[in-house]
Every structure is written in structure tokens, then in C-alpha cells.
Amino acid sequence: MFHLIFGIPWLLVVVRFLQPLPWLWSVKASLALILLIGSQYLLFNRLSSGSVFSPEFFRPLVIAFNFLVGVLLLLAFMQIALDIISIILLPFKGHFPAIPPGVRYAMGLVALGLSAFAVSQAIRVPPLKDIEVAIPGLPPAFDGYQMVQLTDLHISRLFSTEWTKSVVEKTNALNPDLIVITGDLIDGSVQSRSADIAPLANLKARDGVFTIPGNHEYFFDYNAWMKYYSGLNMTTLANGHTVIERNGEKIVIAGVTDLSSARTAFPVPDLAAALYGAPENAPIILLDHQPKEAARNAKMGVALQLSGHTHGGMVFGLHSIVARANNGFVSGFYQVDGMQLYVNNGTALWPGFALRLGVPSELTRFTLRPAP
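Basis of the calculations
- Residues numbered from 1 in each chain as written.
- Predicted model: local features only at pLDDT ≥ 70, side-chain atom pairs only at ≥ 80, totals over all residues.
- Heavy atoms only, no water.
- Helix = DSSP H or I, 4+ residues; strand = E, 2+ residues; numbered from the N terminus.
- Rg over C-alpha atoms; globule rule 2.2 N^0.38 Å.
- Contact = heavy atoms within 4.5 Å.
- Axes fitted to C-alpha atoms, helices over the stretch in contact; angles between N-to-C directions.
- Parallel < 35°, antiparallel > 145°, perpendicular 65-115°, else oblique.
- Nonpolar A, V, L, I, M, F, W, Y, C, P; charged D, E, K, R; others polar.
- Salt bridge = Lys/Arg side-chain N within 4 Å of Asp/Glu carboxyl O.
- Core = buried A, V, L, I, M, F, W, Y, C linked by side-chain atoms within 4.5 Å.
- Buried < 20%, exposed > 50% of the residue type's maximum accessible area, 1.4 Å probe, protein only.
- Domains from an automatic or database assignment.
- Buried area = accessible area lost by both parts, 1.4 Å probe.

With respect to the overall build of the protein
Link 1 in the chain: If you tally the helices and strands in the protein, you get 11 helices and 12 strands.
Link 2 in the chain: Its C-alpha radius of gyration of 23 Å places the protein within 12% of the 21 Å reference for a compact globule of 372 residues.
Link 3 in the chain: Each principal axis of the C-alpha distribution contributes one length, and for the protein these read about 80 × 50 × 40 Å.
Link 4 in the chain: For the protein, contacts bridging at least 24 residues in sequence account for 76% of all contacts bridging at least 6.

Focus: the packing of helix α1 (residues 2-18) against helix α3 (residues 41-49)
Link 1 in the chain: Orientation of α1 relative to α3, taken along the N-to-C sense of each, is 150 degrees, at an axis distance of 8 Å. Compared by their axis directions, α1 and α3 come out roughly antiparallel. Of the residues in α3, those touching α1 at Phe2, His3 and Phe6 are Leu42, Leu43 and Arg46.
Link 2 in the chain: In the contact of α1 with α3, the residues fall into 4 nonpolar, 1 polar and 1 charged.

Observations concerning the pattern of salt bridges
Link 1 in the chain: A full pass over the atoms with the stated rule returns 13 salt bridges.
Link 2 in the chain: Notably, a salt bridge pairs aspartate 177 with arginine 246, separated by 3.5 Å at the nearest N-O pair. Pair noted here: aspartate 177 is in the loop between α6 (161-172) and β3 (178-182) and arginine 246 is in strand β6 (residues 240-246), with a separation of 69 residues, a long-range link.

Some thoughts on the nonpolar core
Link 1 in the chain: Of all hydrophobic cores here, the largest spans 66 residues; its most connected members are Leu150, Ile181 and Tyr229.
Link 2 in the chain: Per element, the largest residue contribution to this core is 10 residues, and it comes from helix α4 (residues 59-93).
Link 3 in the chain: Viewed by domain, this core spans two of them, domain 1 (1-123) and domain 2 (128-370), each represented by three or more residues.
Link 4 in the chain: Those residues in contact with tyrosine 229, other than ones at most four positions away along the chain, are Leu185, Ile186, Ile197, Thr211, Glu217, Met234 and Thr236.
Link 5 in the chain: Counting residues in each nonpolar core, the second largest holds 23 residues, with Leu138, Leu178, Ile285 and Tyr342 among its members.

Overview of the domain arrangement of the protein
Link 1 in the chain: Per the domain assignment, the segments of the protein are domain 1 (1-123) and domain 2 (128-370).
Link 2 in the chain: Averaged C-alpha coordinates put domain 1 and domain 2 at centres separated by 34 Å.
Link 3 in the chain: Listed per partner, the contact involves 27 residues of domain 1 and 22 residues of domain 2.
Link 4 in the chain: Where domain 1 abuts domain 2, roughly 1900 Å² becomes buried across the two surfaces, and 65% of that area is made up of carbon and sulfur atoms.
Link 5 in the chain: Sorting the residues of domain 1 by area buried against domain 2 places Phe53, Glu56 and Ala122 first, and these three jointly supply 30% of that buried surface.
Link 6 in the chain: Inspection of the domain 1/domain 2 interface yields 2 salt bridges.

Okay, structure coming up:
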């Protein structure tokens, strides 16, 4: 499916963009071949690892593939826009307008520049995003409590050891009370990723580091990864909770498994089980990788849900499509039946589509305040 999806824009670019250029046939054929290779990036991922989700070749090559995918998609988009304009002008000119080569040269330069920028924005260590959030019933002892959310790290050949180290150093420098990681920590097997994910063991927060599985954990060896996470000084809240206490006052941090578990033999999300035995009247902060079930979670008395999964839509314009696939939730804060939902743009994103335009990654620090 992926190969066909990316093959269509390649065909469009070859026929409508490259073919009319006044260049030697051999030059156009060479460019078409390069773009064809780029369009089949996910096929090469599968050949390298057995999975489209885990490229196992050198990082510069992963970056180059994403750059070519960006160029291809941007050229296809601009060519479609150009053809629409030409069709609109057709009745007035009496013929299909001739497009000067300079227009296509400009399109090519824009596509190259935007794609390079989009990849650079996707692979950087994200900037800090500071958010104050008012929690109803927050005990006075937790006024000013600071919590860092990391999500969708997708540690891989693209987001490898040095990148992970930088994220850990930046997070620890914030001296947070709590660190939560809301799923999709990895892309690849434990054997392939052990060195890349190892720096996460150095994350430090006064009340610990808590994580939940995302959908990508299920694409690989779920049991192996859950066991491995526990060896990284992290506690996995898979349909469970922990109680944070300050001066005898309490808040609850709960976590559920991912919706994709329904297609496996592993436990499906169960918020009732996650909250079983939790202290009454303590505000509940829920970690749920996907934001889809926010309305259901709100009915269970959750005060704040932290999610990821959407990557914020990655490219401005795609966010509306991503929102429709996630019950309308894609980026930022939402009020859902008295519950606050925050959908994080992601610390990183899937290396199979590492492009960001207008949707920045984020390393997110929440400061809790009592609601008025």
C-alpha cells in the first residue's frame, strides 16, 4: 500500500514536471530514477529490517531518503496547483497555457529548500515549551509542581544515541519533579536499539520517570520492550497508577495501554483497572498515547490527559486529516466534558516520514496550578 501511495506522486512529477523540461533525456531519466528510489523509501526500510517502521541503514542515508520524499511530495503538490491554475485559465486563453521553464525551476528550488528545512526541523532536539495548567482540586502542596512530558521519541537510526543523550541532558537541566513518556519510545528491536535508548536510563526527576506503551511498541517485541524499559529506571503504567504524595496530600498518575493492543493478545486499555485502589478526591493525570478516547476518559473523572501519537499533524495542512483520524484531536489543549486534554506535537516522530513544516516538535514542561 505504502509503495503505491508514494508511487502516484512520483508518476505525476515525472509526467507533468520533469518531462516538459528542455533538458537532455538522460538527465531527466536520471532525476526520475533518483526520485523513484526516494519514493520507495519504506520498501528499503522493509528490506533492511523486515519492517517499514525501522530503517536499519546509516543515519545520513535515512536523512537523504526523507529529504527526497519531501522534495517529491512538495513538487507533486505544486504541480497539481499549477495544473489547476492552468485549467482555470483554459477558457480565457483557448488553449492549455504554456509554462515557461523558469516557473518549473522556481518550483524545484522551493521544493529543495522547503524539504531541507522540514527535515532539519524534524530531527532537531526540540525546544522547550512551557505550559501552566490549572487542575481542579489540586492540593496546595502541588501548586507549582513541574512535570516534563516526552512523547513519540521513535528512537531509531534517525533518532540515535547522540540525539537521545541531548534530549536527556536538556530534560534533566529542567530539574523536574516528574518525567512522563507517553509512548512510541522506539522503532526497532531491543537488539537493534539497545545502545540508542540506553541514555534514557539517565533521566532524573524527584518523583521518578513513568512511561506507557504506544502503538509502535506493539510492532516489535512488546514483552521484551516492557521488560527492557524497567531496566532503564522507568516505571511502566500499563493499566496501572502511582500516587505522588506531598505533605500528606496526593495526586494520581495513571496510565493505560494503547488502543492498537486490541489487535494483539496483550491487555487492551482499561482505565477502570488503572484507577482501581486510587485514593478518592485526588486529582487524576492520565497518560494515554492516543487522544481518541478522551471523552470516555473524562467520564472516569480524569482531570488532565496527556497524549501524543499525532505528531501534531507534522505539516501544516495535513493536521486536519490527522485530526479526523483521531476524533478531532491533533495538537494542543482541548476541553472534553470537563477534562483537559493536551495532545503533544512530539519530541520526535516516525523516521518513515521525518518532515515538519509549521508544526514544531516540543519538549514540554507543565507547571501545575490550582484551578480558580
